[in-house]
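Tertiary structure, described
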Amino acid sequence: MHFEGIYTPVITPFNQDYSIDYDAYSTHVQYLLESGVHGLMIGGTTGEYYVESHEERVELLKIAREICGDRLQTIFGTGSINPDASLKLAEDAAKFGADVLLVATPPYSLPTQNELAQHALAVDRVADMPIMLYNYPDRMGVNMEAEFFEKISQSSNFCGIKESSGDINRLHMLACDYPHIQVACGMDDQALEFFAWGAKSWVCAGSNFLPAEHLALYNACVVEKDFIKGRRIMSAMMPLMRVLEQGGKFIQSVKYGVTLDGRVSGEVRKPLLGLGEDEKLAMHGVVQTLKENIAKIEKGE
């Protein structure tokens, strides 16, 4: 399995009663298909998987696959606080046509590296399909370390990792010590650094509403190998990155970005609450300025 391009961790629109708005979701998936992104991540953090039932998560996968067919690579999240729930999600991922599993650390339990490896291998045995690991210690509590990588090396299905630690030294370690595992940027404000170190994929929540702008950075760095242009684009994107990665309301901001772009993003499920009016106004200004500045760069100005 080869990972290259922009991968969108798809939002889940909720109605005011917090049920899933499947029509709005379908419309959004169709938009992403037509936008030029290279893949979708269903059931990631941005999709609020942690407050969704098994049935809801699988239904979102089935809808995305029905709309996209084989035209987009589909990564399906198996993350859960209960490892047995992850196994059931992996089984249904294989059954309903996912291309890749996303395997994360079970949160809260703080497993050892051996325990984490045994969990990942158990998920692998259930589905026997390509796997992208998901390292996000701020949410899960544990980093994937050398002992973990050594123990999972018995399976060739572990072919990628979404690195979301924010620790740039992790990127250096992965690139130098584990070149057989493809690294995907999972920390938006470090995308330029990931591309400079050879990463070819970026799982970026902002592509839910700014796919063209995220594709512009990918194209500059990976396709054109023009890092001078890439730095200019990344500089134009940094105000948004600060809002998303450092503002404390990541999912809410992404959903409001989708609203600004003219599609229904719906509510966030509790315990999250939507943006306040001042936050919405600030987000609107950041997005508008970003689009204007990147358009100028793309025109060669």
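Owing to the predicted nature of the structure, the values given are computational and were not obtained by experimental measurement.

1. Section: helix 4 (residues 113-127)
Here helix 4 contains 15 residues, and its C-alpha end-to-end distance of 22 Å stays within 8% of the 21 Å for a straight helix at 1.5 Å per residue. Every buried residue of helix 4 is listed here: Q113, L116, A117, H119, A120, L121, A122, V123, D124 and A127. Buried residues along helix 4 sit against helix 3 (83-95), strand 4 (100-104), strand 5 (131-135), helix 6 (146-152) and strand 6 (158-163). Positive phi shows up at D128, right after helix 4, with a value of about 50 degrees.

2. Considerations on the sheet that holds strand 3 (residues 73-77)
Around the barrel, which closes on itself, the eight strands sit in the order 1-2-3-4-5-6-7-8 with parallel pairing between neighbours. Neighbour-to-neighbour, the strand axes of this sheet turn through a mean angle of 25 degrees, independent of strand direction. Relative to strand 5, strand 4 runs parallel, the two sharing four bridges. Each residue of the ladder has a partner; that of A104, found in strand 5, is Y134.

3. Some remarks on helix 7 (residues 168-177)
Within helix 7, the full set of buried residues consists of R170, L171, M173 and L174. Taken around the axis of helix 7, the buried residues stretch over an arc of 165 degrees, which confines them to a single face. Exposed residues on helix 7 whose side chains face more than 90 degrees from its buried face are N169 and C176. Buried positions along helix 7 lie against strand 5, helix 6, strand 6, strand 7 (182-185) and helix 8 (191-196).

4. A closer look at the pattern of salt bridges
What the rule picks out here adds up to 12 salt bridges. Close ionic contact of K255 with E48 constitutes a salt bridge, the shortest N to O distance being 2.7 Å. One end of the pair, K255, is in helix 11 (residues 250-260); the other, E48, is in the loop between strand 2 (39-42) and helix 2 (54-68), and 207 residues separate them in sequence. Linked through salt bridges whose partners overlap, the residues forming this network are R65, D70 and D99.

5. Things to note about the nonpolar core
L133, F149, W202 and L217 are the most contacted members of the largest nonpolar core, which totals 88 residues. Among the elements that take part in this core, helix 10 (residues 227-246) stands out by supplying eight residues, more than any other. Of all hydrophobic cores here, the second largest spans 15 residues; its members include A104, M132, Y136 and M140.

6. Quick notes on the side chain of H214
In this structure, H214 sits in helix 9 (residues 211-223). Judged by its relative accessible area of 0%, H214 falls in the buried class. In this structure H214 touches I6, W202, C204, G206, S207, M237 and M241, once residues within four positions along its chain are discounted.

7. Notes on the environment of G266
Its place among the elements puts G266 in the loop between helix 11 and helix 12 (277-298). Residue class for G266 comes out partly exposed when judged on its relative accessible area of 34%. Separated by 215 residues in sequence, G266 and V51 have C-alpha atoms that sit 15 Å apart. With sequence-adjacent residues up to four places away left out, G266 is seen in contact with P13, F14 and K255.

8. With respect to the packing of aromatic side chains
The tally for this structure, following the rule as stated, stands at seven aromatic pairs. Ring centres of Y134 and Y136 lie 5.7 Å apart, and the angle between their planes is 45 degrees; this geometry places the pair in the tilted category. The pair Y134 / Y136 is uniform in exposure class, with both members buried. Between the aromatic rings of F148 and F149, the centroid separation amounts to 5.4 Å while the plane-to-plane angle is 70 degrees, which identifies the pairing as edge-to-face. Comparing F148 with F149 shows no difference in burial state: the two are buried. For the cation-ring pair, K62 lies above F96, with the distance from its terminal atom to the ring centre recorded as 4.7 Å. One residue, R263, lies across the ring of Y31, its end atom 3.5 Å from the ring centre.

9. A word on the environment of Y22
Assignment of secondary structure puts Y22 in helix 1 (residues 22-35). Taking relative accessible area as the criterion, Y22 reaches 29% and is therefore assigned partly exposed. Between the C-alpha atoms of Y22 and C68, which are 46 residues apart in sequence, the distance is 15 Å.

10. With respect to the packing of helix 11 against helix 12
Between two packed helices, the angle of one axis relative to the other and the distance separating the axes together describe the packing. The geometry of helix 11 relative to helix 12 is characterised by a closest axis approach of 10 Å and an angle of 65 degrees between their N-to-C directions. With respect to helix 12, the element helix 11 is oriented roughly perpendicular. The chirality of how helix 11 crosses helix 12 is right-handed. Where helix 11 abuts helix 12, its residues S253, Y256, G257 and L260 lie against K280, M283, H284 and V287.

Conventions used here
- Residues numbered from 1 in each chain as written.
- Predicted model: local features only at pLDDT ≥ 70, side-chain atom pairs only at ≥ 80, totals over all residues.
- Heavy atoms only, no water.
- Helix = DSSP H or I, 4+ residues; strand = E, 2+ residues; numbered from the N terminus.
- Expected span 1.5 Å × (residues − 1).
- Buried < 20%, exposed > 50% of the residue type's maximum accessible area, 1.4 Å probe, protein only.
- Contact = heavy atoms within 4.5 Å.
- Pairing = 2+ DSSP bridges.
- Axes fitted to C-alpha atoms, helices over the stretch in contact; angles between N-to-C directions.
- Arc of directions from axis to C-beta.
- Salt bridge = Lys/Arg side-chain N within 4 Å of Asp/Glu carboxyl O.
- Core = buried A, V, L, I, M, F, W, Y, C linked by side-chain atoms within 4.5 Å.
- Phe/Tyr/Trp six-rings, centres within 6.5 Å; stacked < 30°, edge-to-face > 60°.
- Lys NZ or Arg CZ within 6 Å of the ring centre and 35° of its normal.
- Parallel < 35°, antiparallel > 145°, perpendicular 65-115°, else oblique.
- Left-handed = near helix turned anticlockwise from the far one by under 90°.

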